[in-house]
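The lines below spell out each chain.
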Amino acid sequence: MPSKTDINGDSASLKKRKREPKDDSAQAQQKKHRRKTEQEKADALNGEGANQTSHTDDTSLQPINGHSGLPGVSSQSQWKVQPPMGGRMLNIDPIFSADEKFLIITYNTSIQVFSTESSLPIRRIPIPLTETDSENATTPAHIVATSLSKTQGAYIWVACSDGRIWNINWRLGTGSDTPFTITSSNLVDMSVDAIDLPNSKIDVLLVLQNTTPTSAQIVAHTRESLLEGKGEGLLLHSFDQSPQMLRFAASGRLIVAAAKTALHIGYFKASKVASIDTLKFDFHSFDLPDIISCLDVHPVLKDKKLIRADVVVGCARGAIYLYNDVLSGIAERTLQPTKLHWHRRAVHSVKLSRDGNYLISGGAETVLVLWQIDAGRTETLPHLSATIENITISPRGASYAVHLDDNSTMVLSTAEMKPTMYVSGIQSLVLEETPSKESLVRRVWRSADEISAPVVATSNPRNPSQMFLCVGNGQQATQGAGTTVSAPLVQVFDLASFQGVSKHAIARTSSTEANITRDGQPIMEPTATSLSFSKDGKWLASIDEWQPPERDTAAFLTGSKTVAEAARQRKEIYLKFWEVHEDNSLELVTRVNEAHHTDLPQAIFDVASDPVSSRFATIGNDGVVRFWSTQYRIRDGLAVKGHDGEPLRSWHCSRAVTLPVREKQEDLVEETRKVFRSGAVAYSEDGSILFAAYRVSTEGLVVAIDTQTGTIRDVISGIIRGEVRSIQSMGSCLILLSEDIAVYDTVSDELLYSYKLKDTSLAAKRLTQLAVNHQSRTFALAAPIPHPRQDKLKKGARSELTVFSLDDQEPQLVQQFPHLITSVLAAPGSSGFVVVDSAAQIWAVTDTVEQPLILKPMDHMTMDDTVETQPVQDALVLQDEEVSDEEMEDADPMEVDDDDHAAVVAQQHVVQAFNVAPTFALAPLDGSFSQLAAMWCAKPTSSE
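The structure contained in this document is the topic of the report that follows. In this text the structure is predicted, and so the values were computed from the model without any measurement. (Residues numbered from 1 in each chain as written. Predicted model: local features only at pLDDT ≥ 70, side-chain atom pairs only at ≥ 80, totals over all residues. Heavy atoms only, no water.)

1. Focus on the overall build of the chain
Assigned secondary structure in the chain consists of 13 helices and 61 strands. In the chain, the proportion of contacts linking residues at least 24 apart, taken out of those at least 6 apart, comes to 54%. Total accessible area on the chain stands at roughly 43100 Å², and carbon and sulfur atoms take up 48% of it. (Helix = DSSP H or I, 4+ residues; strand = E, 2+ residues; numbered from the N terminus. Contact = heavy atoms within 4.5 Å. Areas by Shrake-Rupley, 256 points an atom, 1.4 Å probe, with all protein chains shown as cover.)

2. Re the sheet that holds strand β31 (residues 408-413)
Taken in spatial order, the four strands of this open sheet run β29-β30-β31-β32, and their pairing is antiparallel. Because the sheet does not close on itself, it has two edges, and the strands there are β29 (388-393) and β32 (419-424). Taken pair by pair, the neighbouring strands of this sheet meet at an average axis angle of 15°, ignoring direction. In this sheet, strand β30 (residues 399-404) lies alongside β29 in antiparallel orientation, the contact comprising five bridges. What sits directly across from Asn390, in β30, is His403. (Pairing = 2+ DSSP bridges. Axes fitted to C-alpha atoms, helices over the stretch in contact; angles between N-to-C directions.)

3. Describing empty space enclosed by the protein
Per the stated rule, a full pass over the model turns up five cavities of 30 Å³ or more. Considering only enclosed or pocket space, the second largest cavity measures out at about 60 Å³ in volume. In terms of lining, the second largest cavity is formed by 11 residues, of which the most central are Leu757, Lys758, Thr760, Thr768 and Ala783. In terms of residue class, the lining of the second largest cavity is built from four nonpolar, three polar and four charged. (1 Å grid on protein atoms, 1.4 Å probe; cavity = no way out; pocket = protein on both sides within 12 Å on 5 of 7 lines; lining within 4 Å. Points joined across faces, edges and corners; volume = space filled by probe spheres on them. Nonpolar A, V, L, I, M, F, W, Y, C, P; charged D, E, K, R; others polar.)

4. Focus: the pairing of strand β27 (residues 368-372)
Of all five residues that make up β27, five are buried, and the element is covered over most of its length. Where burial is concerned, the two faces of β27 agree: the one with Leu368, Leu370 and Gln372 and the one with Val369 and Trp371 are both buried. As defined by bridge partners, strand β26 (residues 358-363) adjoins β27 across four bridges and the pair is classed as antiparallel. Opposite Leu359, over in β27, you have Trp371 as the bridge partner. Once β26 ends, the chain turns through four residues before running back antiparallel as β27, passing Thr366 with a positive phi of about 60°. (Buried < 20%, exposed > 50% of the residue type's maximum accessible area, 1.4 Å probe, protein only.)

5. Details of the sheet that holds strand β56 (residues 778-784)
Pairing is antiparallel across the open sheet formed by four strands, whose spatial order is β55-β56-β57-β58. Edge positions in the sheet fall to β55 (769-773) and β58 (808-817), since each of these pairs with one other strand and no more. Strand-to-strand twist of the sheet, defined as the mean angle between neighbouring strand axes without regard to direction, takes the value 20°. The pairing of β56 with strand β57 (residues 799-805) spans seven bridges and is antiparallel. When the bridges of β57 are listed, Ala782 appears paired with Leu801.

6. A few points about the pattern of salt bridges
It is possible for side chains of opposite charge to pair when their charged atoms get near one another. If you walk through the whole model with that rule in mind, you get 19 salt bridges. Among the salt bridges present, the one from Arg317 reaches Asp290, with a minimum N-O distance of 2.6 Å. With Arg317 in the loop between β22 (305-315) and β23 (319-323) and Asp290 in the loop between β20 (282-287) and β21 (292-302), this pair connects stretches of sequence that are 27 residues apart. Salt-bridge contacts for Glu572 lead to Arg508; the nearest nitrogen and oxygen are separated by 3.2 Å. Of this pair, Glu572 sits in strand β39 (residues 572-580) while Arg508 sits in the loop between β36 (499-505) and β37 (527-533), placing them 64 residues apart in sequence. Owing to a relative accessible area of 40%, Arg508 belongs among the partly exposed residues under this scheme. Linked through salt bridges whose partners overlap, the residues forming this network are Arg725, Glu739 and Lys765. (Salt bridge = Lys/Arg side-chain N within 4 Å of Asp/Glu carboxyl O.)

7. Digging into the pairing of β30
Where burial is concerned, most of β30 is hidden: six out of the six residues are buried. Burial along β30 is two-sided: the face carrying Ser399, Ala401 and His403 and the face carrying Tyr400, Val402 and Leu404 are both buried. Here β30 runs beside β31; their pairing, made up of six bridges, is antiparallel. The partner of Ala401 across the bridge, within β31, is Val411. Joining the antiparallel neighbours β30 and β31 is a turn of three residues, in which Asn407 adopts a positive phi near 65°.

8. What about the nonpolar core?
With 24 residues, the main nonpolar core has Val204, Leu206, Ile218, Ile255, Leu279 and Phe281 as its most contacted residues. For this core, the leading source of residues is strand β14 (residues 201-212), giving four residues. For Ile218, the contacting residues outside a window of four places in its chain are Leu206, Val207, Leu208, Leu234, Leu235, Leu236, His237, Phe239, Leu246, Ile255, Ala257 and Phe283. In this structure, Met245, Leu295, Val311 and Cys315 belong to the second largest nonpolar core, which totals 23 residues. (Core = buried A, V, L, I, M, F, W, Y, C linked by side-chain atoms within 4.5 Å.)

These figures capture arrangement, not role.
If you want it as structure tokens, here you go:
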């Protein structure tokens with residue numbers, strides 16, 4: 001049983017102050033009796049309730065109150081998980097529509113259509129990728145290619161690695177539920193082109209498939225053959241090399257396939273194609289001096305005959321090889337490429353312009369390079385936000401679509417090189433389905449192969465629909481080297497428009513083209529570890545850390561210090577306070593260097609915001625809780641004012657409270673350096689008490705601190721087991737997450753219930769997260785599901801979300817997610833929660849009684865470009881048009897009835913009724929109709 005100790009016997013402790021009304025209050029006695037009854041009921045289940053839960057075999061929770069299994073989900077629960085939104089943009093070229101009004105982007109779980117004029121999402125088409133059994137499969141099924149139909153501009157072809165192919169109408173959103181299936185189960189790439197037959201013009205699909213790890217085939221399919229179930233296709237070519245990519249061009253007369261270090265070029269010599277079965281290509285192959293990372297083809301046709309073809313190849317070590325008129329070179333055996341070399345690392349994308357006079361390339365340098373082929377000159381567009389992954393040239397050649405590895409895509413005008421469209425998703429770290437092109441060459445560093453830390457996220461109280469997430473400068477920069485992750489930026493993501501609004505640097509960044517050292521090591525940036533808003537949303541507190549790599553600390557070794565100790569000694573830890581302006585811009589007001597410091601820089605475990613005032617509290621590795629508040633800036637005895645005439649403020653430590661557990665360790669300085677510590681803080685709902693959970697060695701305590709005087713009111717021991725991960729306060733209860741999840745009532749001095757988390761890896765423990773929703777009096781626990789054969793949280797790892805209520809020991813919801821949950825937080829203004837997963841998707845977990853924050857997508861919404869909408873001004877006078885001429889003659893022009901006159905509705909109010917979510921995520925039409933009806937209909941008067 002947990003025990004409580006009164007530190008200050010002379011003053012009323014929290015225990016005594018809370019318990020005084022309990023004996024005289026019948027309501028409190030009934031509350032305690034009801035909890036005991038629920039406890040006895042749960043004990044009576046004795047594990048039988050585990051069968052009521054659909055995911056109990058591999059659940060992450062184990063009750064420790066005498067049960068053998070997880071209690072069943074409450075029969076009164078109405079919680080549910082809505083379909084996900086967002087996702088990760090894949091490294092597949094974006095597609096322009098023929099009229100360049102729309103841009104089609106391929107995500108890991110969907111196809112999404114955006115307007116190039118407004119950057120707004122038009123449609124989201126989910127792709128039903130059945131998750132492969134993570135215990136038996138090496139890689140889950142994923143999309144490998146997307147291509148626009150050459151005969152029907154409203155259709156796209158989508159290929160999956162497991163051999164499924166979809167023909168989807170992207171305007172109507174149909175076709176995603178009826179895939180075709182081919183015999184191959186290991187597709188690498190797909191390319192589509194149109195071929196003229198005697199009586200028709202049809203799409204021909206070429207797929208590049210692996211037959212063995214070192215051999216490949218090129219197979220042709222048509223829509224007709226797929227409808228007939230002929231999944232084997234027509235074999236065109238095979239080779240004994242590892243395949244990379246495939247291009248099909250020149251009205252079906254040219255095939256270019258890339259192996260690891262060789263090109264295979266096929267040419268159809270016949271003047272006409274009688275049928276698909278007569279397709280036969282003459283293939284030639286030649287080697288390149290480097291590993292191929294990307295390629296492009298520029299064919300020249302005259303009278304439907306291929307007279308010339310230029311091929312450009314980007315390589316893994318930065319070189320670009322341009323083969324002019326490759327067909328003539330093959331015939332004459334005089335292939336002499338032009339070598340271009342600007343990139344320091346792999347070329348991720350290269351394209352030839354429509355006229356063939358320019359090259360456009362990009363890579364990890366975050367620089368878009370334009371090459372004038374004839375003049376031999378280059379122009380650059382530097383300092384893009386992340387690594388350039390894909391480049392697409394619009395059909396008219398007036399725009400470039402550039403996909404970056406920070407989950408964003410922009411459209412640049414070729415004339416001014418200025419963005420005309422920008423789309424951004426969640427930019428947190430994800431595990432890619434395919435390896436990066438940087439891994440084609442062995443580096444002196446390796447990228448992270450698992451997610452070992454949660455994504456720091458919070459919501460803005462001033463604008464609840466906006467999330468603030470700590471992210472890096474793209475996937476390559478975020479992964480860093482080994483297990484180190486960089487996240488020096490804050491992304492502001494708007495859930496209403498489902499777009500990234502802005503990004504701000506809250507830690508030191510390295511915006512430079514040379515983002516590697518002379519030794520080839522990546523430049524490591526700091527990581528933001530905590531974010532917390534003040535109650536009014538005007539202040540933001542952040543914590544960021546940076547530690548030099550161990551390879552750079554050898555020069556600082558002295559005495560018996562190890563490399564790791566020297567690196568820790570030079571660790572930088574900053575506590576920063578930002579003023580948040582109306583436009584979400586951040587202004588740094590105060591930076592505190594090493595807010596918790598002894599003889600070494602000490603980590604800051606947690607920061608909490610006072611719910612009733614603009615005040616923060618932190619807890620550090622030194623065992624001290626510090627309170628932070630504002631004060632006016634004084635200069636020469638006068639308050640310093642800003643440009644707006646308002647006094648400027650700064651932040652300072654107003655009080656420091658030493659926790660009692662540290663006093664027992666003060667004499668063991670050398671030992672405490674090696675002792676693992678952890679802690680967390682949380683304010684009570686009225687802001688009068690700060691609860692600090694702290695553990696050092698084998699001792700763990702929860703300390704209640706009076707926020708006004710700084711005195712320790714209470715100490716609770718016995719409820720912390722292992723590392724402290726989070727503590728939250730809700731009403732009279734504390735929810736503590738350590739090795740267990742425990743709910744403790746500070747009024748009745750009893751442990752209401754607790755569950756033990758299964759033993760997992762250190763990374764899995766860090767990803768176990770807790771979030772509370774004060775509106776619904778519920779809390780959510782997200783925990784990775786232990787894998788039977790691996791400890792690391794690699795691709796295929798999953799998480800489980802469990803929602804509890806304070807008044808019911810039985811979970812309200814137990815739900816497994818197909819990906820790792822990297823962040824979970826309460827949905828502001830709602831009774832539910834928002835979940836971010838490792839696929840950059842957002843899930844809404846809601847109580848169906850209330851309207852959810854993220855509404856259910858309408859995947860079958862129609863889209864018609866020719867529909868003309870009636871102006872709102874015309875709609876306002878429809879009521880007058882319904883009045884007949886006879887009624888107008890009988891009406892008295894001087895008589896006015898105040899109760900019957902037409903309501904005057906502002907145009908912006910009508911717009912706001914529909915501008916609440918993306919077009920594919922609108923609320924049901926009856927809800928919008930009710931809002932419009934309320935605007936025009938007068939309220940009924942009460943009868944006397």
